[in-house]
Amino acid sequence: MPAVPMEHGLFLAALLFALGLIGVLVRRNVIFILMSIEIMLNAAGLAFVVAGSRWAQVDGQVMFVFILAVAAAEVSVGLALVLQLYRHLQTLDIDAASKMRG
Amino acid sequence: MDWFFYVAAIVAIAATVMVITRLNAVHALLYLIVSLLAVALIFFRLGAPFIAALEVITYAGAIMVLFLFVIMMLNLGPRSTEQESSWLRPRMWLGPITLTIILLIELIYMLSQSGYQPLATGTIEAKQVGIGLFGPYLLGAELASMLLLAGVVGAYHLGRDSREERG
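Residues numbered from 1 in each chain as written. Chains lettered and ligands numbered in written order. Predicted model: local features only at pLDDT ≥ 70, side-chain atom pairs only at ≥ 80, totals over all residues. Heavy atoms only, no water.

1. Notes on the overall build of chain B
The test is simple: Here a strand is any run of E in DSSP of at least two residues, a helix any run of H or I of at least four, and the numbering for each starts at the N terminus. A 1.4 Å probe rolled over the protein chains alone gives each residue an accessible area, and that area as a share of the maximum for its type sets the label: buried under 20%, exposed over 50%, partly exposed in between. Throughout, a residue-residue contact means that at least one pair of heavy atoms, one from each residue, lies within 4.5 Å. With residues, only the protein chains shown are counted as cover, and all accessible areas are computed by Shrake-Rupley using a 1.4 Å probe.
Looking only at helices and strands, chain B features eight helices and zero strands. Helices and strands in chain B line up, N terminus first, as α-α-α-α-α-α-α-α. Within the span of chain B, comprising 167 residues, buried residues form 40% of the whole. Counted over contacts in chain B with a minimum sequence separation of 6, partners at least 24 positions apart contribute 71%. Counting every atom, chain B has about 9400 Å² of accessible surface; 70% of that belongs to carbon and sulfur.

Given below as structure tokens:
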């Protein structure tokens, strides 16, 4: 019998994901929103690794490597967009960019 | 009862709560690094040492440094120096350092135990992950490399200052 039940690992992943989701919904600073997205991606990866460790298969860890690649690509493009947003609007408030014009 | 897992989980949750409630981006970043380190310890405990190393190197290392670069780039100017010294007051470090010391004690204790067993299911080494990644998941690995290339091109294109071109 494993020392850590799989449900506890999955519960931790769900809790971290919920915290990241709360961060995305509550914060209006675009840097905090990107950080919360990182938390959510990391929580998803944790769920994969917990499931992979439960059945002693490598698939969960391979999926984590893919999630890592997605997170790196997402954050590089996202931070470049943050720089452009700041140059155009001189603010990091995401509500200032809600209008779809120029 | 595996208290390594639960202590690291509590540290991870506490640090994540601090991330989404901080007002200052640099403070939030410090707590986010602590949260990622705690999750890396959990990976180690779950029998995934390669993933734990990747978590520390790529997430807590590369991606967080990228965040730090952007935060610092947005605060250029004469008052940025005094701003930085006000961000990183000694009192500010107490929270992250306390959480990190908890993780450090846990790690040292875990490594000093003889006959260390990660889980009943055993450890999955980096070799097996590599065989899986470049065996059945080869197409996925190639697609991930294409995605990273697209990320590099996109970040370069978006990150340029468009005013330089016009002038």
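2. Details of the overall build of chain A
Rule in force here: Only C-alpha atoms enter the radius of gyration, while the globule expectation follows 2.2 Å times N to the 0.38, with N the number of residues. When charges are counted, Lys and Arg are positive and Asp and Glu negative, with His and the chain ends excluded. In this description, the location of a charge corresponds to atom NZ of lysine, CZ of arginine, CG of aspartate or CD of glutamate.
Of regular secondary structure, chain A possesses three helices and zero strands. Ordered by position from the N terminus, the helices and strands of chain A form the series α-α-α. At 17 Å, chain A has a C-alpha radius of gyration far larger than the 13 Å of a compact globule built from 102 residues. Overall, chain A is about 60 × 25 × 15 Å in size when its C-alpha atoms are taken along their principal axes. Each of the 102 residues in chain A was classed as buried or not, and the buried ones make up 49%. If you take every contact in chain A between residues at least 6 apart in sequence, the share linking residues at least 24 apart comes to 57%. Surface exposure of chain A reaches about 4700 Å², of which carbon and sulfur atoms provide 70%. Distance between charge centres in chain A, computed from 6 positive and 6 negative side chains, equals 12 Å.

3. Some details on the interface of chain B and chain A
Rules: Two parts lose some accessible area (1.4 Å probe) when they are put together, and adding that loss for both gives the buried area. Note on definitions: salt bridges are taken to be side-chain nitrogens of Lys or Arg within 4 Å of carboxyl oxygens of Asp or Glu. We call two N or O atoms a polar contact when they sit within 3.5 Å, provided that within protein one can donate a hydrogen and the other can accept it, with sequence-adjacent residues counted only if both atoms are side-chain atoms.
Tallying the contact residues gives 58 residues for chain B and 59 residues for chain A. Sorting the residues of chain B by area buried against chain A places Ile20(B), Tyr59(B) and Leu74(B) first, and these three jointly supply 13% of that buried surface. Our enumeration of links across chain B and chain A arrives at zero salt bridges. Applying the counting criterion to the chain B and chain A interface returns 10 residue pairs in polar contact (both at pLDDT 80 or more).

4. Thoughts on the nonpolar core
Using the following cut-off: The criterion is simple. A nonpolar core is a set of buried Ala, Val, Leu, Ile, Met, Phe, Trp, Tyr and Cys residues joined through side-chain atoms within 4.5 Å.
Ranked by size, the top nonpolar core spans 75 residues in total, and within it Ile31(A), Leu46(A), Val82(A) and Phe67(B) carry the most contacts. Excluding its chain neighbours within four sequence positions, the residues that come into contact with Ile31(A) are Val82(A), Leu92(A), Ala25(B), Phe67(B), Val70(B), Ile71(B) and Leu74(B).

5. Structural notes on the packing of aromatic side chains
Any two aromatic rings considered together are summarised by their centre-to-centre distance and by the angle between their planes. We apply this condition: By convention, a stacked pair of Phe, Tyr or Trp rings (six-membered ring in the case of Trp) has centres within 6.5 Å and planes under 30 degrees apart, an edge-to-face pair has planes over 60 apart, and any other such pair is tilted. Placement of a charge over a ring requires the Lys NZ or Arg CZ to be within 6 Å of the ring centre, with the centre-to-atom vector within 35 degrees of the ring normal.
Throughout the structure, instances matching the rule amount to six aromatic pairs over all chains. When the ring of Trp3(B) is compared with that of Tyr109(B), the centres are 5.7 Å apart and the planes differ by 45°; the resulting orientation is tilted. One end of the pair, Trp3(B), is in helix H1 (residues 3–21); the other, Tyr109(B), is in helix H5 (residues 90–112), and 106 residues separate them in sequence. Between Phe4(B) and Tyr109(B), the ring centres sit 6.0 Å apart and the planes meet at 35°, which makes this aromatic pair tilted. Of this pair, Phe4(B) sits in helix H1 while Tyr109(B) sits in helix H5, and the two are 105 residues apart along the sequence. An aromatic cluster of at least three residues, connected via ring pairs, comprises Trp3(B), Phe4(B) and Tyr109(B). The positively charged end of Arg27(A) is found above the aromatic ring belonging to Phe32(A), 3.9 Å away from the centroid. Positioned above the aromatic ring of Trp55(A), the side-chain terminus of Arg54(A) is 4.9 Å from the ring centre.

6. Focus: the confidence of the model for chain A
Here is the rule: The predictor attaches a confidence to each residue, called pLDDT, with possible values from 0 through 100.
Overall, the predicted model of chain A reaches an average pLDDT of 88, with 94% of residues at or above 70. Per-element confidence in chain A is highest for helix H1 (residues 6–26) of chain A, whose mean pLDDT is 93, and lowest for helix H3 (residues 59–89) of chain A, whose mean pLDDT is 90.

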